[in-house]
Amino acid sequence: MDNNFISLEGVIDGDISYSHSVMDEEFYKFTLAVPRLSGTVDALPVTVSGRLLEDAGLSTGESAALTGQIRSYNKYLENRTRLILTAFAKSLNEASGEGENMNQVILNGYVCKTPTYRKTPFGREITDVIIAVNRAFNRSDYIPTICWGKNALFCRDLPVGTNVMIKGRLQSREYTKRSGEEYEIRTAYEVSVGEIEEIS
C-alpha cells in the first residue's frame with residue numbers, strides 16, 4: 001500500500017449491496033458521505049469484503065472509518081467504456097468522530113496521458129492528469145486527478161511517464177452530459193491535488 005493509500009471517515013449513505021465475488025470471497029459496495037471543510041459533502045463509492053463488513057457490524061446511517069486503496073476498473077455502459085473508481089477498504093471500523101483529516105489520499109504513480117490544461121470562465125487555472133499506479137499481479141489503477149493554481153502550472157507540461165507523488169483527497173463532482181437532445185446529470189470521481197512533486 002506504499003504507493004496507493006486512502007483514508008476516509010463519513011456516514012454510510014444508502015443501501016449496502018452485493019458487488020461481486022473473487023475466489024469464493026464476497027464483496028459489497030456502498031456510498032460514504034464525507035464532508036469537506038466547506039460544508040459540501042462528497043458521495044464516495046466504497047468496496048469492502050463481506051468479512052470486514054461483518055466484523056465492523058456497521059449498517060446504513062452509521063459513521064464509518066476506513067483505510068485502503070483507490071481502485072479503478074472499466075465498465076461497459078451505453079455502448080462505451082467508462083472508468084469507474086472505488087475506495088477499496090483494507091480496514092473498516094466505526095468512526096471515532098475525532099479525526100481532523102477525514103479524506104486523505106497519497107499516490108505514487110506515473111503520468112499516463114498528456115495533461116489537459118484549461119482556465120475557468122473566472123480565470124482559475126486547472127490541469128487534469130491521469131496517474132497510473134502499479135499494484136500486484138502486473139495490474140495498474142488509472143486515477144484521474146485535478147490540479148489547481150500553482151499545481152496546475154507545475155504539471156501542465158509533464159511528459160507521459162513522469163513519476164510523481166501526490167497528496168490530496170478523493171472528491172465527487174456532478175456534471176451535465178448531453179446526449180442528442182437530452183441532458184443527463186452524471187457523477188465523476190477524481191483526486192483533488194493538494195501537493196504534487198516529481199520523483200527523480
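Only a predicted model underlies this, so the values are computations on that prediction, with no experimental measurement involved.

On to the environment of Arg71, then. Note on placement: Arg71 falls in strand E4 (residues 63-77). Overall, Arg71 belongs to the buried group, its relative accessible area being 15%. A sequence separation of 50 residues divides Arg71 from Ser21, and the C-alpha atoms of the two residues are 16 Å apart. If sequence neighbours within four positions are ignored, Arg71 has contacts with Ile84, Leu85, Thr86, Phe88, Lys90, Arg135 and Asp141. A distance of 2.9 Å separates polar atoms of two side chains, one belonging to Arg71 and the other to Gln69.

Now for the packing of aromatic side chains. Scanning all chains against the criterion turns up 2 aromatic pairs. A centroid spacing of 6.0 Å and a plane angle of 85° characterise the contact between Tyr18 and Tyr28, whose relative ring orientation is edge-to-face. Of this pair, Tyr18 sits in strand E1 (residues 4-22) while Tyr28 sits in strand E2 (residues 25-35), and the two are 10 residues apart along the sequence. Taking 5.9 Å as the distance between ring centres and 35° as the angle between the ring planes, the aromatic pair formed by Phe27 and Phe88 counts as tilted. Of the two residues, Phe27 sits in strand E2 while Phe88 sits in strand E5 (residues 80-94), which places them 61 residues apart along the sequence. Grouping residues by exposure puts Phe27 and Phe88 together as buried. When the ring centre of Phe88 is taken as reference, the NZ or CZ atom of Arg71 above it lies at 4.3 Å. Taking the ring centre of Tyr117 as reference, the NZ or CZ of Arg156 above it sits at 4.8 Å.

We now examine unusual backbone geometry. Notably, Met23 is not glycine yet its phi reads approximately 50°, a positive angle. On the secondary structure map, Met23 appears in the loop between E1 and E2. A positive phi angle is found at Asp24, which is not glycine, with a value near 70°. Given a relative accessible area of 83%, Asp24 falls into the exposed group.

What follows deals with the environment of Leu66. Along the chain, Leu66 falls in strand E4. Exposure remark for Leu66: the relative accessible area of 3% places this residue in the buried category. With 97 residues separating them along the chain, Leu66 and Asn163 place their C-alpha atoms 27 Å apart. Leaving out residues up to four positions away in the same chain, Leu66 has contacts with Ile6, Ser7, Leu8, Leu32, Val46, Ala89, Ser91 and Leu92.

Quick notes on the rules
Along each chain, residues carry numbers from 1 onward, in the same order as the chain's sequence is written. In keeping with the predicted nature of the model, local features appear solely for residues at pLDDT of at least 70, side-chain atom pairs appear and are counted solely at 80 or more, and the whole-chain, interface and lining totals rest on all residues. Processing note: side-chain calculations cover all non-hydrogen atoms of the structure and skip hydrogens and water entirely. Secondary structure follows DSSP: runs of H or I at least 4 residues long count as helices, runs of E at least 2 residues long count as strands, and numbering of each begins at the N terminus. We call a residue buried when its accessible area falls under 20% of the maximum for its residue type, exposed when it is over 50%, and partly exposed in between, using a 1.4 Å probe and counting protein chains only. It only takes one pair of heavy atoms within 4.5 Å for two residues to be counted as in contact. Identification of polar contacts relies on pairs of N or O atoms within 3.5 Å, with a donor-acceptor requirement for protein atoms, meaning one able to donate a hydrogen and the other able to accept it, and with residues adjacent in sequence counted only if both atoms are side-chain atoms. Within 6.5 Å between ring centres, the rings of Phe, Tyr and Trp (the latter by its six-membered ring) count as paired, and their orientation is classed by plane angle as stacked under 30 degrees, edge-to-face over 60, tilted in between. By the criterion adopted, a ring carries a charge over it if an Arg CZ or a Lys NZ lies within 6 Å of its centre and within 35 degrees of its normal.

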